[in-house]
Amino acid sequence: MKLVPVESLNEAHLKLLYELLAERPACANISHREMPAWEEHMAFVRLYPYEAWYIIEEAEEAVGAIYLTDRNEIGIGLFKAAQGLGIGRFAV
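Report follows, based on the coordinates.

Rules of the game
- Residues numbered from 1 in each chain as written.
- Predicted model: local features only at pLDDT ≥ 70, side-chain atom pairs only at ≥ 80, totals over all residues.
- Heavy atoms only, no water.
- Helix = DSSP H or I, 4+ residues; strand = E, 2+ residues; numbered from the N terminus.
- Buried < 20%, exposed > 50% of the residue type's maximum accessible area, 1.4 Å probe, protein only.
- Polar contact = N/O pair within 3.5 Å; in protein donor to acceptor, adjacent residues only side chain to side chain.
- Contact = heavy atoms within 4.5 Å.

This paragraph deals with the environment of Glu23. Here Glu23 is to be found in helix α1 (residues 11-23). Residue classification places Glu23 among the partly exposed residues on the basis of a relative accessible area of 29%. Each C-alpha atom of the pair Glu23 and Met35 lies 9.9 Å from the other, and the pair is twelve residues apart in sequence. Separated by 2.5 Å, the side chain of Glu23 and the backbone nitrogen of Lys80 make a polar contact.

Structure representation (structure tokens):
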């Protein structure tokens, strides 16, 4: 398992973050109530709003993301297929 810094993201990782956002339940979103458009998502990612931000990869496959806010809050998003496998614990 490895963490890939967001600043080195490629197009596939950007798409992954969008798909991860789409899979998340609406009640878990703190920055929006409805799914943002692709352009809004890209603008948000380009702002790099977190102190640290990583894509979580397992066997060269992206399975989620983890970030640290400027208030030292940790956020983890994992695809449903990757939940319950200890990946979030590793990422932290």
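The next thing to look at is the side chain of Thr69. Along the chain, the position of Thr69 falls in the loop between β3 (61-68) and β4 (74-78). Leave out the neighbours within four places in its chain, and Thr69 touches Tyr50 and Glu51.

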